[in-house]
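Summary of the model geometry
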Amino acid sequence: MRKVWDIPGGVHPPENKAQSVTRPIASAGIPDVLIYPLSQHIGAAAVPLVEKGDLVLKGQMIAEAMGFVSAPVHAATSGRVTAIEERVIAHPSGMHAPCIVIEPDGENRWIEHSGLEDYTSATPAELLSIIHDAGVAGMGGAGFPSAVKLSTRPDTPIHTLIINGTECEPYITSDDMLMRERADEIVRGTEIIAHILGVSSIIIGVEDNKPEGIASLRSAAEHSAGIEVISFPTKYPSGGEKQLIQILTGQEVPSGGLPSALGIVCQNLGTTVAVHHAVDRGEPLISRIITVTGDSCREPANYEVLLGTPASHLLELSGQQPELCERLIMGGPMMGFALESAEVPVVKTTNCLLAPTRAELPPAAPQQACIRCGICAEACPASLLPQQLFWYATAKEYEKLEAHNLFDCIECGACSFVCPSNIPLVQYYRASKADIRRHHLDHERSERSRARFESRQQRIEQEEAEKQARRQARREAAQARAKEAGTKQPSRSDAAPDAADVIRAAIERSQAKKQAAAAQSQAQADMGIEPDSAQDAIDRAMAKRAAAAAAPKLSPVEQLQNNLASVQSRISKTGEKLEQARTTGEDTVSILESSVAKLEAKRDQILAEIEELGDS
Amino acid sequence: MLLSTPTSPHAHTPLDTSGLMRLVILATLPGVAALTWFFGWGTIVNIAFASLIALACEAFALYLRGRRVMFYLRDCSALVTAILLGIALPPGSPWWIIAVGIVFAILIAKQLYGGMGYNPFNPAMAGYVVLLISFPLEMTRWLSPLGTFEGSVPGLMEALQLCFGGGFDAHTMATTLDVFKQGAGLMVADVWQQNPQFGRWGGLGWEWVNIGFLAGGCYLLHRGVFTWHAPMSMLIALTAMAAVFYDGGSSASGGSPLMHLLSGATMLGAFFIITDPVSSAVSTRGRLIYGALAGVLVYVIRRWGNYPDAVAFAVLIVNFAAPFIDHYTMPRTYGHNRGGSD
């Protein structure tokens, strides 16, 4: 027998499950209208494949998946598309969303379909594609497309499959009835999923308040190798994915991670049946078991319901007395959400319709002060400190909230359930989570625009600096011209100090150069070169530069030609000196040889440049 | 059909804060009965008068703060403070002592800090300590328990006279803890023999008062009003300290563990004072530390402090420490490393 671990916290709300298990699962029949929201799952909404007026068959795909994380939608019976429009959907906010509306023709004609003879001969990829095309999405929780959840990645090997038959929410018995009546289908679906994942260890976890279901499941799984049916003590919220993993394996899913990090994949019990139908029969997900219960229903029971059926149809079937009921809950009393209207259609994730009387689930009492009693901390299955989170939430201390791991809250509602001061704690956490997400988004956005602004600023500065450099170069050129002009005629009075400065600077420069040249000529004299010639060369070069600067601006080709000419003359002059040095046998020969080579290289380069410019 | 759309969860436990407070009040009954039996009607008069003033103060403060007076009065928290202070005061205390204590407890220690849920200190103990420091004479004049003098515990009329008239001449006597504090140089057994008020374990009358509060506390534990962590931790720490320093009953002894458990405000403190959720540590681990600290301090103050009324001081000191304890005893959240770093 497998060891079962305990989870911290948890609560024991009145179960209220007995009233809906007295009758076998009945068919809810075909309602007058079927409404299909395009988004019944997590991920991108499906895209309609039909138009108003189209005739559709049972099982026909009426909207296709949009991308990888998405699921298609199928018609649950044959009929005519009467509208594609916004309708109120099953959502906590009571929002409207695009829906395909079908009026059944009552003939219930199937589209052609067929299942696989032997799923074991199919590859996992083929099976996944069948499951994806059948629109199977998690049927217990948020409705994550099953094909995505079952697509394993090579870097995270999966060794354990957990089938979640916990059903820890009060009132709900749809999984319980499924176990009692269709255990073989559950086992079959589980085997298919295990085949896809290639896992050796398969656990079906069930709370011990469903002894009939467990017995039925155990006998169905008897001949199936590797499937263990494990029962564990009843406690809310044992059925949370993370909690169930902790109960069955003692391991914790890392914060912010997925069960696959532990080599585990979890699937809902109802999903296994949907997988079985998709693979073995070729039937898409078009119906599910739904518990209709609550004291305002005369005959609480479980129904096999076509997806898209309005809640009102189910309530009528169960003899609900609307005058006794002030709120209609989709899901259970702990995590379900109240519907704005009974016209909301049931979707893939709907497991229960709860129509309580006022006495049964009275409206929340007014909120009192938090007395820090800590009962909430004892109830929290994630070992959070709900009252601290509450204080930080009211003070909008987002950093503290994150430091206290607000995002590890699974919103099970155990803390709100036990709070003696009737504080709607979960509501505070939901709001704070949304605030923090928005805050992060804003922050990211402002960071991006800051980076953009800074790079723009940098660009502008760089351009400015380049402009400045060009301006400086022009100014220097102008100064050189002014200097030349200044030697011939007096400067204008307003430019006088400037010109004087420039001239003084130029004199200083030339003096410095002369000193350097003197030192050089001294060195050259030591080597036997006449100092005069060096001095002459410097003077000539200076004069040439001044002339060049004073000269009108030349075109690049002309400039290059000038350069070429000067290089040519320098080559011939150096060549002469070289000849001379050779004849006299001086030791400057090698120096002169290398400078000739350099000058020739320069000449070649200039020639090449001229050619290039000529070509362009 | 008009449907309301509140958010989940839709179910709620029947227990509410006012209900918790009423349970606490109910659980004080055995202890109050024992006090009344051994010390006369003084405690009842204390409680009644304190409750009256407390409700008036609370209503006044709520009115000034613009809150819904009746809604907040009905949470019974002021009543609990009044009852606890009424129990802690010597039976037959003069009316002005009670009034000063309650006014301080409700107006200053509680409402000035933001009212219910926001007070860092236990209001009853804050009021008590103010009185103890300000009026030590009146605060240490405990009536002699039943059995030490013939037929001497005050009846209702006498108690009222003690409270409002002040003329009644009642027998008072040092309490067990007082004697232990003053009675240096005597072996424990000698102290016991010389003082008729010592009873069997923790002082005549006192042992029954403590057993009464213990019973009430067990009832609250059973009803899940608080967890066992803080009270048990305090009692164990106090017992351990007393055992370590008992030294076989010499003249330097601090008294036996049993005496410490069953005298003074030990049980009242363990089950009714440090379990005050508002001013205590919040996590389970935090409450263990909080209770143990209180237990050690109770012994230290009783043994080496200047006042024998150790519980009140110990509670205020651990109230100070509560946020600090909370900071270091955050439970490890699901899915986070055992090192606690992420």
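Residues numbered from 1 in each chain as written. Chains lettered and ligands numbered in written order. Predicted model: local features only at pLDDT ≥ 70, side-chain atom pairs only at ≥ 80, totals over all residues. Heavy atoms only, no water.

Residue and element names in this part refer to chain B. A complete count under the given rule lists twelve aromatic pairs over all chains for this structure. Judged by centre distance (5.4 Å) and plane angle (50 degrees), the ring pair of Phe39 and Trp206 falls under tilted. Taken together, the residues span a long stretch of sequence, with Phe39 in helix H2 (residues 29-39) and Trp206 in helix H12 (residues 206-222) at a distance of 167 residues. In this structure, Phe39 and Trp206 share a single accessibility class: buried. Measuring from centroid to centroid gives 5.8 Å for Phe245 and Tyr299, while their planes differ by 20 degrees, and the two rings are stacked. Remark: Tyr299 occurs in helix H16 (residues 284-304) and Phe245 occurs in the loop between helix H13 (229-244) and helix H14 (257-261); sequence separation between them is 54 residues. Residue Tyr299 is classed as buried on the basis of its relative accessible area of 0%. (Phe/Tyr/Trp six-rings, centres within 6.5 Å; stacked < 30°, edge-to-face > 60°. Helix = DSSP H or I, 4+ residues; strand = E, 2+ residues; numbered from the N terminus. Buried < 20%, exposed > 50% of the residue type's maximum accessible area, 1.4 Å probe, protein only.)

Residues and elements named next belong to chain A. Across the sheet, four strands lie side by side as S11-S10-S9-S12; this open sheet has parallel pairing. Strand pairing shows two members of the sheet lacking a second neighbour, strand S11 (227-232) and strand S12 (264-268), which therefore form its edges. Neighbouring strand axes in the sheet, compared pairwise and without regard to direction, differ in orientation by 25 degrees on average. Summarising the sheet, strand S10 (residues 201-207) and S11 pair through six bridges and their orientation is parallel. Looking across to S11, one finds that Glu207 is bridged to Phe232. Of the strands in this sheet, strand S9 (160-164), S10, S11 and S12 touch helix H3 (residues 174-197), which is tilted by about 160 degrees from S9. (Pairing = 2+ DSSP bridges. Axes fitted to C-alpha atoms, helices over the stretch in contact; angles between N-to-C directions. Contact = heavy atoms within 4.5 Å.)

With that settled, consider the domain arrangement of chain A. All names here are of chain A. With domains assigned, chain A is organised as domain 1 (18-106 + 122-354), domain 2 (370-485) and domain 3 (552-616). Measuring from the centre of the C-alpha atoms in domain 1 to the corresponding centre in domain 2 gives 38 Å. Listed as interface residues are seven residues of domain 1 and, on the opposing side, eight residues of domain 2. Interface area, domain 1 with domain 2, both sides summed: about 650 Å², of which 58% is carbon and sulfur. Linking domain 1 with domain 2 are zero salt bridges, by the criterion used here. (Domains from an automatic or database assignment. Buried area = accessible area lost by both parts, 1.4 Å probe. Salt bridge = Lys/Arg side-chain N within 4 Å of Asp/Glu carboxyl O.)

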